[in-house]
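# A look at the structure
Here is how the chains run, residue by residue.
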Amino acid sequence: MHDPWIILGIDGPTTDLKSIKKAYAARLRAIDPAKDISGFMALRQAYEQAQQLVENSNIEALPWEYDVGTGSGFGSLYEVEDIRQPEDEFESKNEIYRALDARAREILALTNLREDPEAWRAFFEDPAYASIDVQSDLEHVVRNLLLETFGYFQDSSQNNSQDDSKPSRRFKKTARYVFNYFGWDQPQFNQSFTRDQVEFLRQKFKVPIVSAGDDIEFGPAFNFLSAVFVYLILISACFYYASANQKGFWLIIGLILSARALTVYVKAWIVDRDAALSFFGGLLFLGSLGYLITSVMREGSWEGRLDVLYWFGAGAVGAGLIWLVGRVILSLIRRR
Amino acid sequence: MTLVAIDLGTTNSLIAVFTEKGSELIPNAMGEFLTPSAVGLNNANEIVVGVEAKNRLVTHPEKTHARFKRFMGTNKDFKLGRKTYRAEELSAMVLRSLKSDAERHLGTKVQRAIISVPAYFNDVQRKATYAAGEMAGLKVERLINEPTAAALAYGLNSKDDENTFIVIDLGGGTFDVSILEIFEGIMEVRSSAGDAFLGGEDFTDAIVKDFGEQIGSDFEALSPSARANLRDLADRAKKGLSEKDAVKIKFNTKSKTYELDLSRDRFEEISKDLIKKLRLPIQRAISDAGLRAENIDRVVMVGGATRMDIVRQHITRLLKLFPEHRLDPDHVIALGAAVQAGLVDRHEALEDVVMTDVCPFTLGTEVAIELPNGQHEGGHFQPVIERNTVIPVSRVVTNGTIRKGQREVTLQIFQGESAWVRDNVPLGTLNVKLSPKKDEFEYFDIRFTYDVSGILEVLVTVHSSQKTERLILEGNPGALSKAEIDKRFKELEKLKVHPKDKAENSAVMSRLERAYENQLGDIRQVIQRRIAEFSAVLETQKETDIALMRDELMKWVESIENMDIF
């Protein structure tokens, strides 16, 4: 690591943020970041390093601990920011934090409260807590409390205590509201410690990730459905004609159409696996239906077609089974 | 060579230049700064853009498209007559129209541009924006994040101050929040966050839904054009609320007339859920910057939707700070982008402003992690460039093969914040051939370079051979190849575009047609007669007569339109 002071052009270490910024500004003006990427990065790194050094020296200068009420020791940004406040202002802020913590513990302690989304909603949307800073504190309080309750801070070598800290089914359902409120169900976290913590809670509460604004497009599925219909009718007509009149030509046409139908199916599989899978079941179902219709057409009567009805039923059951098995396999693959 | 700045918005687009006097907006043929981002086909099968197309959204919804910015870089097809277009191509038509406005206004050829994009746009969407520019015959010099542009528009005047800003941009379809710091003439973006699916149009949709409830069971049976008309009325009702406590709307369909109303209280009630969505991105941006709201000195509001009282009130409640709106929130981005154009050209007046930006999302690769039992578990996300890192940035990670003697490795690039790649956005795949000695692991460096325009380049260098591979996005459904862009550019060139000098006339005509559709009874016949008169004057091709009648009709049709809202 290079000496940040040399890169910034400052004579020796300083704790004056203003002169650091001034030096950085002067050096930055001398280069074109768009062209000199490595030069810019070296300067930027030196600047951030210098800022960090100043911050560290501030913390050392104030050698008292900030009690976050949970004893977690997480949330370093929070602590640093609060140290900058004058002492009396800090007291009142700490009071709000304690009030939030107390109320959250109250809700969490009682089953009928913690399993009721309305109790959380009334707490989160309390007009007295509307400002962003209080909301940040609120998130911090709730996150730490949940992590504490479900054993995140415990030493991972003591595995025995993990089993008794599972949320109830109803609490899991309620948790969806809490996660949604803080955006923990969106894949958007910066500092790696919050990412780990939120991931831990997500696993505990089995809350799925929602990506904002997922537009559901029915295109491929619908196209596929209509394709299945058209192809089935065409293919069964061809095979029917070929077998009834012993014409090889129609047999070949039928085979070509089948091959084409298969490629359509493969394409649908690539675009939307779930849809294709359920349509694979549908294909079987429709196939047996098509067989029923064509054979009745050929024989001209329903008589002796009971075996076809049997195939029809078997096809429907088979379709259902394939769909089910496919879903299970897919979900297993996805979970890995 | 003039460098123009373009705000390519979801609902409206603007174009501006930087002159000695500062940023200057360029009016379109209609004399307005805002060109609606709408494209359509007129009755002569010519492409129409802007107000003309927007008016036809009501009368010909099946031949007109708007709000396509959301689909930049996706494979969604938009049908116009017999042809289908991608969102990039429709955007290119808007850009082309802006370009010709600028050329007419400036009297020179315009070939270079800076285009603004939401900070939230990913790599694919950014490349799509570049492609749109190229299809319009513009060389896109740089993309600029919209909030950065907004801050430039405001920040330049106070370059001697030390300030921390929050820029809150609620546009037609996107919500962006950025934190910026200004010191010593340096403008630094500290963080940005947002919601790609929240905008003023969602508030209009809420009003439409409320109107739908007032209309009752008939609502479902409304024709597309009646629905589009209702939406237009809802939008005007929304604007009306900034002056009045309640508005009444007269909505005509072919068979019936409905009286609808909207009060401020009701509006507040129906948009409660939307208002709540404002908090999270703001909170995230502040915490990403390592700040608290009390450290913020100024709040800048951008985007037409920030004119709504309920939005401003809520922001004030959240930040305990009154937002400022010295500039027109609709113009801010274009004005700021023009400042950036001045910067890129190293215009004298701007020599001492430098700015740095951040990468708004985490970029990384998929890796397998070795489990205690010696097996490998794939699907993990390895961040290479963390979100809100100052750009340009170039970072390297070194990975190795899972097996000894492995001959090939498939590297997948992702963007997102989840620990699992399946929840992140895939950007591309790179196959690297290896030629290791038997029974040896192979190692390789992966270098991510994210430049000032937000374009990502990935280089992979294999340790033993020192061979380097570069990422070419393949298997990516949203990205167009260079050849495809050129092909589409040529196709767009050939398209028949409605001539500019006639645009004003047809704008008036389409407004008359829309008024005709919206009205009933006697007034309809009057409108029809005026349409016939205007067509007759247009036939004569006497410029002065046409202009005279056009101006008169413009005022007249406006008074008719206002009859619906009271």
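Residues numbered from 1 in each chain as written. Chains lettered and ligands numbered in written order. Predicted model: local features only at pLDDT ≥ 70, side-chain atom pairs only at ≥ 80, totals over all residues. Heavy atoms only, no water.

### Some remarks on the overall build of chain A
- Regarding its fold elements, chain A presents 14 helices and 0 strands.
- Secondary structure elements in chain A, listed N-terminal to C-terminal, are α-α-α-α-α-α-α-α-α-α-α-α-α-α.
- Among the 336 residues that make up chain A, the fraction classed as buried is 38%.
- For chain A, the exposed surface amounts to about 19500 Å²; the carbon and sulfur share of it is 60%. (Helix = DSSP H or I, 4+ residues; strand = E, 2+ residues; numbered from the N terminus. Buried < 20%, exposed > 50% of the residue type's maximum accessible area, 1.4 Å probe, protein only. Areas by Shrake-Rupley, 256 points an atom, 1.4 Å probe, with all protein chains shown as cover.)

### Remarks on a nonpolar patch on the surface
- Taken together, Tyr241(A), Phe249(A) and Trp250(A) make up a surface patch of nonpolar side chains, about 310 Å² in accessible area.
- For Trp250(A), the position within the fold is in helix α12 (residues 248-271). (Patch = residues over 30% accessible without salt bridge, like charges linked within 9 Å, V, L, I, M, F, W, Y side chains within 5 Å. Salt bridge = Lys/Arg side-chain N within 4 Å of Asp/Glu carboxyl O.)

### Let's talk about the packing of aromatic side chains
- With the rule as written, the count across this model stands at 23 aromatic pairs over all chains.
- Every member of this aromatic cluster is reached through a ring pair, and the members are Trp120(A), Phe123(A), Phe124(A), Tyr129(A), Phe150(A), Phe171(A), Tyr177(A), Phe179(A), Tyr181(A), Phe182(A), Trp184(A) and Phe205(A).
- Sitting over the ring of Tyr516(B), Arg524(B) keeps its end group 4.5 Å from the ring centre.
- Positioned over the ring face of Trp556(B) is Arg530(B), at 5.3 Å from the centre of the ring. (Phe/Tyr/Trp six-rings, centres within 6.5 Å; stacked < 30°, edge-to-face > 60°. Lys NZ or Arg CZ within 6 Å of the ring centre and 35° of its normal.)

### Quick word on the side chain of Asp330(B)
- Along the polypeptide, Asp330(B) turns up in the loop between α10 (309-319) and α11 (332-344).
- Those residues in contact with Asp330(B), other than ones at most four positions away along the chain, are Asp7(B), Leu14(B), Leu34(B), Gly303(B), Gly304(B) and Arg307(B). (Contact = heavy atoms within 4.5 Å.)

### Comments concerning the packing of helix α8 (residues 132-149) of chain A against helix α9 (residues 169-182) of chain A
All names here are of chain A.
- Viewed as axis vectors pointing N to C, α8 and α9 meet at an angle of 145 degrees, and their least axial separation amounts to 11 Å. Our pair here, α8 against α9, has a crossing hand that is left-handed. Taking contact as the criterion, the partners of Gln135, Leu138, Glu139, Val142 and Leu146 in α8 are, on α9, Phe171, Val178, Tyr181 and Phe182.
- Among the residues forming the contact of α8 with α9, the class breakdown is 7 nonpolar, 1 polar and 1 charged. (Axes fitted to C-alpha atoms, helices over the stretch in contact; angles between N-to-C directions. Left-handed = near helix turned anticlockwise from the far one by under 90°. Nonpolar A, V, L, I, M, F, W, Y, C, P; charged D, E, K, R; others polar.)

### What about the confidence of the model for chain B?
- Of the residues in chain B, 94% reach a pLDDT of 70 or more, and the chain-wide mean stands at 84.
- Predicted confidence is poor over residues 473-477 of chain B, with pLDDT under 50, and the contacts of this stretch with residues over four places away or in other chains come to 13 contacts. (pLDDT = per-residue confidence, 0-100.)

### Focus: the pattern of salt bridges
All names here are of chain B.
- Counted according to the given criterion, the structure contains 44 salt bridges over all chains.
- Across the pair Arg231 and Glu201 runs a salt bridge whose closest N-O atoms are separated by 3.2 Å. Of the two residues, Arg231 is situated in helix α6 (residues 224-240) and Glu201 in helix α5 (residues 200-215); the sequence distance between them amounts to 30 residues.
- The residue Asp288 makes a salt bridge to Arg387 at a minimum N-O spacing of 2.3 Å. Note that Asp288 is positioned in helix α9 (residues 279-288) and Arg387 in the loop between β20 (376-385) and β21 (389-391), a separation of 99 residues in sequence.
- Using a relative accessible area of 12% as the deciding quantity, one classes Asp288 as buried.

### Comments concerning the packing of helix α2 (residues 87-106) of chain B against helix α12 (residues 482-494) of chain B
All names here are of chain B.
- Packing of α2 against α12 leaves a shortest axis separation of 11 Å and a crossing angle of 55 degrees. When the axes of α2 and α12 are compared, the pair comes out oblique. Like other packed secondary-structure pairs, α2 and α12 cross with a definite hand, here right-handed. Judged by residue contacts, Glu89, Ala92, Met93 and Arg96 of α2 engage Arg488, Phe489, Leu492 and Glu493 from α12.
- When grouped by side-chain class, the residues that make up the contact of α2 with α12 number 4 nonpolar, no polar and 4 charged. (Parallel < 35°, antiparallel > 145°, perpendicular 65-115°, else oblique.)

### Thoughts on the interface of chain B and chain A
- Contacts between chain B and chain A engage 54 residues on the former and 52 residues on the latter.
- Summing both partners gives a buried area of about 4600 Å² for chain B against chain A, and 50% of it is carried by carbon and sulfur.
- Across the contact surface, chain B and chain A share 4 salt bridges.
- For Lys276(B), the salt bridge goes to Glu125(A), with nearest N and O atoms at 3.3 Å.
- Joining chain B to chain A, the criterion identifies 11 residue pairs in polar contact (both at pLDDT 80 or more).
- Secondary-structure elements contributing two or more residues to the side of chain B that touches chain A are β13 (175-183), β14 (186-195), α9, α10, β18 (354-359), β20, β21 and β22 (393-400) of chain B.
- Top element by residues in the side of chain B that touches chain A is α9(B). It accounts for 8 residues.
- In terms of residue class, the side of chain B that touches chain A is made up of 21 nonpolar, 11 polar and 22 charged. (Buried area = accessible area lost by both parts, 1.4 Å probe. Polar contact = N/O pair within 3.5 Å; in protein donor to acceptor, adjacent residues only side chain to side chain.)

### Some points on helix α15 (residues 543-562) of chain B
All names here are of chain B.
- Between the first and last C-alpha of α15 there are 29 Å, a value that for 20 residues agrees with the 28 Å anticipated at 1.5 Å per step.
- Within α15, the full set of buried residues consists of Ile546, Met549, Arg550, Leu553, Val557, Ile560 and Glu561. All buried residues of α15 project into a common sector of 110 degrees when viewed along the axis, lining one side. For α15, the exposed residues set more than 90 degrees away from the buried face come down to Thr544, Leu548 and Lys555.
- Tucked inside the fold, the buried residues of α15 contact α6, α13 (503-518) and α14 (522-540). (Expected span 1.5 Å × (residues − 1). Arc of directions from axis to C-beta.)

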